[in-house]
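# Understanding the architecture of this molecule
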Amino acid sequence: MKTKKKYVKHDSFVGLLSLQDSGDLFDLDRLKEICYNEKYIAKLELNLLKAFKRAREDLFEGSSNSAKFKLKKNVIEEIKTIQKNDIPRYLAHRYRYEIYPQTNELDQYPPYLQIEPSSVCNFRCVFCYQTDLDFTRKSNGFMGKMTVELFKDIIDQVETNVEFISLASRGEPLLCPKIDQMLEYTTDKFLNLKINTNASLLTEKNCHALLNSGIKTVVFSADAADENLYSKYRVNGNLNKVLKNIETFKEIKERHYSDKKLITRVSGVKVSEDQKMEDMEKLWGGLVDQVAFVDYVPWENVYDAPMSEITQPCSDLWRRMFIWWDGKINPCDVDYRSQLSSGNINNNTIDKLWQSNEYNQIRSNHLDNKRKDSSPCNKCVVV
């Protein structure tokens, strides 16, 4: 695994294939008609209306903006799952997620929220911070699982305010004993709710829980198409077991939830030329809608990394907020030991924490070419 000089967050896919028939071909003219129909945009809040109009300008009016909104493959597939009356709202939130981090614009709420049901993981992937014994040692206080009460409080705060949410971060979400109750509480609440899982713990029960919930995208994390290579990267994992579990998920979806608009994706971290997209397509092609690789960034231990020469601001400071299992908030998961944490939602609200003086100070450091004054930003390569 080669250390990168720079990791561009908004362009992290190094390959994405759509494998299944996801419905009608994408009709750009139909999308344009929706985007200029007042009845579909009349209910947008003022801040969303601003973002939506900028997205519409980029898409249909020949905008010359340096950071220009485009319809990438994954965005098009997501639009296909959205009711047409919700498309303007989706585009506004997608614009906030993709463009605001490039233009360093701060909104009232984070464009994206990552909620951590569990920091505990049953794998020890070679490119992951779970290999850091100081992190996984229980006595150090990093390991834990979120309560249903805390999860519900988070959902209540962000419903209608944040539409892009992932249930995943430092650990495996299916290890949370209350994950089924959490999933149930998300039903019909978000336009773009995703969960990441290594699929090793997938059972018939939580397959139903996932398919009955508000989840829009299920990402199964797998980095290879043969057992030897898979086991090399996903330590403690068993490819045959994961394969069987994903087969079960597909069978349950087809039998009981055939009308459910849901995207399934097998996604791996690209760390070697031995990982080939054609092999992934051959193995997973009949089971999921998409196969993807994301670029490798040295997550496994930023604290022992050499000082970086990067002065460019990190886009994640305007893109997303992480909420750990215990309510602690953090601007990124590269900083998995939470040195940058500026509060806890147990004694403050998400919007106030997002706009807090402590959080803004980190942003100011980055904007003023003082990234070196924030640790571990001074060793990180993400921009």
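This write-up is about the structure you can find in this document. (Residues numbered from 1 in each chain as written. Predicted model: local features only at pLDDT ≥ 70, side-chain atom pairs only at ≥ 80, totals over all residues. Heavy atoms only, no water.)

Structurally, S200 can be placed in the loop between β4 (192–197) and α10 (204–212). Side-chain polar atoms of S200 contact the side chain of N122, separated by 2.9 Å. Apart from residues no more than four positions distant in its own chain, S200 is found in contact with N122, F123, K241, V242 and N245. (Helix = DSSP H or I, 4+ residues; strand = E, 2+ residues; numbered from the N terminus. Polar contact = N/O pair within 3.5 Å; in protein donor to acceptor, adjacent residues only side chain to side chain. Contact = heavy atoms within 4.5 Å.)

For strand β6 (residues 263–270), the buried fraction is high: 7 of the 8 residues fall into the buried class. As paired strands, strand β5 (residues 217–221) and β6 are joined by 5 bridges and run parallel to one another. Within β6, the residue paired with V218 across the bridge is T264. In this fold, β6 hands off to helix α13 (residues 277–284), which returns the chain to strand β7 (residues 290–295); that crossover is right-handed. (Buried < 20%, exposed > 50% of the residue type's maximum accessible area, 1.4 Å probe, protein only. Pairing = 2+ DSSP bridges. Right-handed = clockwise from strand over helix to strand, strands pointing away.)

When charged atoms on two side chains of opposite charge get close, those side chains can pair. This structure, assessed with the given rule, holds 16 salt bridges. Taking the shortest distance from any N to any O, the salt bridge between E78 and R94 comes out at 2.5 Å. Linking E78 in helix α4 (residues 73–79) with R94 in helix α5 (residues 87–98), this pair joins segments that are 16 residues apart in sequence. With respect to burial, E78 and R94 carry one shared label: buried. Residues R319 and D316 are paired through a salt bridge, measuring 3.2 Å at the closest nitrogen-oxygen approach. Linking R319 with D316, this pair stays in helix α14 (residues 316–319), spanning 3 residues, or about one helical turn. Assessed through its relative accessible area of 2%, D316 is described here as buried. A single salt-bridge network, built from bridges that share partners, covers E45, R89 and E163. (Salt bridge = Lys/Arg side-chain N within 4 Å of Asp/Glu carboxyl O.)

Turning our eyes to something else, we now look at the packing of aromatic side chains. Enumeration over the complete set of coordinates arrives at 15 aromatic pairs. Ring centres of Y303 and Y336 lie 5.1 Å apart, and the angle between their planes is 75°; this geometry places the pair in the edge-to-face category. Taken as a pair, Y303 in the loop between β7 and α14 and Y336 in the loop between β9 (329–330) and α15 (350–354) lie far apart in primary sequence, 33 residues in all. Residue Y303 is classed as buried on the basis of its relative accessible area of 10%. Aromatic rings pair up to connect Y129, F135, F142, Y303 and Y336 into one cluster. (Phe/Tyr/Trp six-rings, centres within 6.5 Å; stacked < 30°, edge-to-face > 60°.)

Within the secondary structure, M280 sits in helix α13. Residue M280 is classed as buried on the basis of its relative accessible area, which comes to 1%. Distance in space between the C-alpha atoms of M280 and D223 is 8.3 Å, their sequence separation being 57 residues.

Quick look at the pairing of β5 now. Summarising burial for β5: 5 of the 5 residues are buried, a large majority. Residues of β5 alternate between two faces, with T217, V219 and S221 on one and V218 and F220 on the opposite face, all of them buried. Bridge count for β4 against β5 is 4 bridges, and the pairing is parallel. Bridge pairing in β5 links I195 to V218. Remark: the β4/α10/β5 crossover connection has right-handed handedness.

End to end, helix α12 (residues 239–256) covers 26 Å across 18 residues, agreeing with the expected 26 Å (1.5 Å per residue, within 8%). Those residues of α12 lying buried are L239, V242, L243, N245, I246, F249, I252 and K253. Those residues of α12 that are buried are in contact with α10, β5, α11 (227–233), β6 and α13. Capping the start of α12 is the job of one residue whose side-chain oxygen sits 3.0 Å from the backbone nitrogen of N240: N238. (Expected span 1.5 Å × (residues − 1).)

Below, the discussion takes up the state of the cysteines. This structure, assessed with the given rule, holds 0 disulfides. As a non-bridged cysteine, C125 has C128 as the owner of its nearest cysteine sulfur, 6.0 Å distant. Given a relative accessible area of 7%, C125 falls into the buried group. (Disulfide = S-S within 2.5 Å.)

It is worth spelling out the environment of I155 at this point. Tracing the chain through its elements places I155 in helix α8 (residues 148–158). According to the relative accessible area criterion, I155 is buried, its value standing at 0%. Sequence separation between I155 and S374 is 219 residues; the distance between their C-alpha atoms is 30 Å. For I155, the residues in contact, after removing those within four places along its chain, are I115, Y185, K189 and F190.

Sheet architecture is open: 9 strands sit in the order β1-β7-β6-β5-β4-β3-β2-β8-β9, paired in mixed fashion. Each end of this open sheet is capped by a strand with a single partner; those strands are β1 (13–18) and β9. Relative to β7, β1 runs antiparallel, the two being bridged by 5 bridges. Bridge pairing links S18 to Q290 in β7. Here α5 sits on the sheet in contact with β2 (112–115), β3 (164–167), β4 and β8 (320–323), set at roughly 70° to β3. In the packing of α13 onto the sheet, the strands contacted are β1, β6 and β7, and the crossing angle to β7 comes to about 145°. (Axes fitted to C-alpha atoms, helices over the stretch in contact; angles between N-to-C directions.)

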